Amino acid sequence: EFSYSMNQQVSRNMQGFGGNSILFLVDGERLAGETLDNIDYNRLDLNNIGRIEIVKGGASSLYGSNAVGGVVNLISRDDTSEPWRLNLNARYGAHNEQRYSAVAAFSAGRLSSSTTLRYHRINSYDMKNAGGYNMNVKERLTFKAGDRLSLTARASYYFRQRNAQEASRDRYRDFSAGLRGYYEVSPATNIEASYTFDQYDKSDFLTLSGADVRKYSNVQNSGRIVFNHTFAGKYILTVGGDVMRDYLRSYQFADGGRHSQLTADGLAQLDLNILDNLNVIVGGRYDYFSEAAMKHFSSRVNLMYRHRRINFRGSYSGGFRAPTLKEMYMDFDMAGIFMIYGNPDLRPETSHNFQLSAEYTRRLLNVSIGGFCNLVDDRITTAWSQALKGQLYTNTGRVNIAGIEANASWRHNCGADVRASYIFTREHVRKGEPYTSSDFCVGSEATF
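What you see is a predicted model; the values in this text were computed from it and never measured.

A.B. asks: Explanation requested: the overall build of the chain in the structure shown.
C.D. replies: The helix and strand tally for the chain stands at 2 helices and 28 strands. Along the first, second and third principal axes, the C-alpha set of the chain runs to 65 × 55 × 45 Å. The buried share among the 448 residues of the chain stands at 42%. Of the contacts formed within the chain by residues at least 6 apart in sequence, a portion of 55% connects residues at least 24 apart. Taken as a whole, the chain presents about 23,300 Å² of accessible surface, with 57% of it coming from carbon and sulfur.

A.B. asks: When you look at the pairing of strand E16 (residues 258-275) in this model, what are you seeing that I'm missing?
C.D. replies: The side chains of a regular strand alternate, residue by residue, between the two faces of the sheet. The pairing of strand E15 (residues 235-250) with E16 spans 15 bridges and is antiparallel. Bridging from a neighbouring strand, Gly240 pairs with Leu267 of E16. Across 11 bridges, E16 lies against strand E17 (residues 278-289) in antiparallel orientation. Within E17, the position partnered with Gly266 by the bridge is Tyr286.

A.B. asks: Sorry if this is basic, but what is going on with the nonpolar core here?
C.D. replies: Most often, soluble globular proteins keep nonpolar side chains buried together rather than apart. Counting 18 residues, the largest nonpolar core has Phe17, Phe24, Ile39, Leu44, Leu74 and Ile401 as the members making the most contacts within it. Secondary structure elements with two or more residues in this core: strand E3 (22-26), strand E6 (70-76), strand E23 (365-377) and strand E26 (399-411). Per element, the largest residue contribution to this core is 3 residues, and it comes from E3. Non-local contacts of Phe24, meaning those with residues more than four positions away in its chain, are made with Phe2, Arg12, Glu29, Arg30, Leu31, Ile39, Tyr41, Leu44, Val72 and Leu74. Counting residues in hydrophobic clusters, the runner-up holds 9 residues, among them Ala32, Tyr158, Tyr200 and Met328.

A.B. asks: Any chance you could explain the confidence of the model for the chain here in plain terms?
C.D. replies: Low-pLDDT portions of the prediction should not be read for the details of their coordinates. For the chain, the average pLDDT comes to 90, and 95% of its residues sit at 70 or higher. Across residues 435-441, where pLDDT falls below 50, the model places 14 contacts with residues more than four positions away in sequence or in other chains.

A.B. asks: Just to check I follow, could you spell out the sheet that holds strand E20 (residues 331-334) for this structure?
C.D. replies: Backbone hydrogen bonds hold the strands of a sheet together, and the pairing may be parallel or antiparallel. Spatial ordering of the open sheet is given by E20-E21-E25-E24, a layout of 4 strands whose pairing is mixed. The outermost strands of the open sheet, each flanked by one partner alone, are E20 and strand E24 (380-385). Ignoring which end each strand starts from, the neighbouring axes of this sheet average 30 degrees apart. Direction of pairing for E20 relative to strand E21 (residues 338-341): antiparallel, over a ladder of 4 bridges. Bridge pairing links Met334 to Phe338 in E21.

A.B. asks: What is the right way to read the environment of Arg214 from this model?
C.D. replies: Relative to the helices and strands, Arg214 is located in strand E14 (residues 212-231). For the pair Arg214 and Lys144, spaced 70 residues apart in sequence, the C-alpha to C-alpha distance is 40 Å. In contact with Arg214, other than residues within four places in its own chain, are Gln199, Asp201, Lys202, Ser203 and Arg249.

A.B. asks: When you look at the sheet that holds strand E5 (residues 49-56) in this model, what are you seeing that I'm missing?
C.D. replies: Pairing within the open sheet is mixed, and its 4 strands lie in the order E4-E3-E6-E5. Both edges of this open sheet fall to strand E4 (29-30) and E5, since each of them pairs with a single strand only. Where E5 meets E6, 7 bridges bridge the pair, whose relative direction is antiparallel. Bridging across to E6, Ile54 finds its partner in Val72.

A.B. asks: Before we go on, may I ask you to explain the pairing of E24 in this structure?
C.D. replies: Pairing between E24 and strand E25 (residues 390-395): 6 bridges, direction antiparallel. Within E25, the residue paired with Ser385 across the bridge is Gly390. Linking E24 to E25, which pair antiparallel, is a turn of 4 residues; within it Lys389 sits at a positive phi near 55 degrees.

A.B. asks: Sorry, what's going on with the packing of aromatic side chains here?
C.D. replies: Centre-to-centre distance and the angle between the planes together describe a pair of aromatic rings. Scanning the model with the defined rule gives 11 aromatic pairs in all. Three or more aromatic residues link up through ring pairs in this structure, and these residues are Phe2, Phe24 and Tyr41. Above the face of the Tyr172 ring, Arg160 is positioned so that its terminal group lies 4.2 Å from the ring centre.

A.B. asks: Sorry, what's going on with the pattern of salt bridges here?
C.D. replies: Side-chain pairs of opposite charge can arise where the charged atoms are in close proximity. For the structure shown, the criterion picks out 30 salt bridges. Residues Glu29 and Arg180 are paired through a salt bridge, measuring 2.9 Å at the closest nitrogen-oxygen approach. Here Arg180 lies in strand E12 (residues 168-186) and Glu29 lies in strand E4, a separation of 151 residues in the sequence. Residue Glu29 is classed as buried on the basis of its relative accessible area of 5%.

A.B. asks: Even after reading the chapter, I still don't get the side chain of Ser112, so can you show me in this structure?
C.D. replies: The topology assignment puts Ser112 in strand E9 (residues 111-122). Ser112 sits in the buried class, given a relative accessible area of 6%. With residues near it in sequence (within four places) discarded, Ser112 still touches Thr80, Phe106, Ser107, Arg140, Leu141 and Thr142.

A.B. asks: Hey, could you run me through the environment of His352 in this one?
C.D. replies: The residue His352 is located in strand E22 (residues 349-362) in this model. Look at His352 and you get partly exposed, because its relative accessible area is 30%. For the pair His352 and Lys234, spaced 118 residues apart in sequence, the C-alpha separation works out to 29 Å. For His352, the residues in contact, after removing those within four places along its chain, are Tyr316, Ser317, Cys373, Asn374, Leu375, Asp377 and Arg398.

A.B. asks: Looking at this model, I keep getting lost on unusual backbone geometry. Mind explaining?
C.D. replies: For residues besides glycine, phi is generally negative; the peptide bonds are generally trans as well. Non-glycine residue Ala232 carries a positive phi angle of around 60 degrees. Residue position: Ala232 is located in the loop between E14 and E15.

A.B. asks: Can you help me understand the environment of Glu184 in this one?
C.D. replies: Relative to the elements of secondary structure, Glu184 occurs in strand E12. Once the C-alpha coordinates of Glu184 and Asp147 are considered, the two residues, 37 residues apart in sequence, prove to be 8.4 Å apart. If near-sequence neighbours (up to four positions away) are discounted, Glu184 is found in contact with Arg148, Thr189 and Asn190.

The rules behind each value
- Along every chain, residues carry numbers that run from 1 in the direction the sequence is written.
- With the structure being a predicted model, the display of local features is reserved for residues of pLDDT at least 70 and the display and counting of side-chain atom pairs for 80 or more, all residues being used for whole-chain, interface and lining totals.
- Each side-chain value is worked out from all heavy atoms of the structure, with water and hydrogens disregarded.
- We count a stretch as a helix when DSSP gives it H or I for four or more residues in a row; a strand needs E for two or more, and each element gets its number in order from the N terminus.
- Exposure categories follow from relative accessible area, calculated using a 1.4 Å probe and restricted to protein chains: below 20% of the type maximum is buried, above 50% is exposed, and the middle band is partly exposed.
- Here a residue-residue contact requires only that any non-hydrogen atoms of the pair lie within 4.5 Å.
- Note on areas: Shrake-Rupley with a 1.4 Å probe; residue coverage comes only from the protein chains shown.
- Strands pair, by our definition, only if DSSP identifies at least two bridges between them.
- What makes a nonpolar core is a set of buried Ala, Val, Leu, Ile, Met, Phe, Trp, Tyr and Cys residues whose side-chain atoms join them at distances within 4.5 Å.
- What pLDDT conveys is the predictor's confidence in a given residue, as a value from 0 to 100.
- To get an axis, fit a line to the C-alpha atoms, keeping to the stretch in contact for a helix; angles then go from 0 to 180 degrees between the N-to-C directions.
- Two aromatic rings from Phe, Tyr or Trp, using only the six-membered ring of Trp, form a pair when their centres are within 6.5 Å; if the ring planes differ by under 30 degrees the pair is stacked, by over 60 it is edge-to-face, and anything between is tilted.
- When the NZ atom of lysine or the CZ atom of arginine is within 6 Å of a ring's centre and also within 35 degrees of its normal, the charge is said to sit over that ring.
- The term salt bridge refers to a side-chain nitrogen of Lys or Arg lying within 4 Å of a carboxyl oxygen of Asp or Glu.

As structure tokens, then:
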């Protein structure tokens, strides 16, 4: 579920989790910057996305911190199979809403390229200055240096302006660039290495003076290496690690201060096709965060058994989220009403996720039903402090989140597609603990 929070900023909820507890990735890379613990969703341009992978429940054994409640990974479309492609579209709506986008891609010999442009604007609503505009420019270039080696370079620029007030405009900028290399050592072995730079800034544009005052900057430099080996034709071993330097300067720190930290991790996963109809995945990941000298190990076990047209799945997975720099060092005056204070003594947020499901497929019909349970410890939130006379980031006791989900879909060969889904989620918080979410949520959807 996506909704609007304070100051009309977008927030989300997935199976009782939101904000920093759901990890958003683009081509497997984290996004810098946040507002109300959510990323800037306007950065996400879906015009050249090939598929979206969603992992529900704890997934920190593979993805690390912030994957307490789930992971959403947007994967770009592969344009190497087509000689060229051009897509242009436009939209016009109420309040002078205008949206234009273009995707131009080509593949020639060893080189392929994909360029994406997007521009969106809308006037302010009558009741509030909420209009503005944003634009995205992205380039993705792939070069096959040989039969075994390929290099992918990417760069993007994003700008957004919100007409939040008459005297000033909220401005958001991001520049991201990265390089990824893939080398096939042998038909059974490959290595992937990457480096990513991402800088997200916020500023106030003062309409009278024309000054553009930067008040927030989050810079992430990260590197990754992953080794994959298939042995005996059906067992896959994955070993890898990440290193990231996270820098944050914020108006929410005392005197506009700045903090940084180094994070590192190592992971291993084994995919076992024990029988033709039985698959087992086991994995673990060790994370380290320098600022709080914090260490954590996350594990997972997944089983899938196939019986004729029915797939049965069961899993256990651990979730983990280290406190952010904002949560540790915040010192912010909330419009003169109260203060919000960070807490450098916060413990990491952890979860134990259990899932069971069954899926039936027959020709054009697919039906699935499943249940899940999340046991969350030390959830990070804010609570009123009598001593400080303000809000203080703190850890809560155990939170239990459980629910069921049912989905059905039918697709005809002519292209008609009918889907229906139902989900029930219940969150239980121990009496006396800080409490910020609804007690339960029921949702349903039907589309044609």
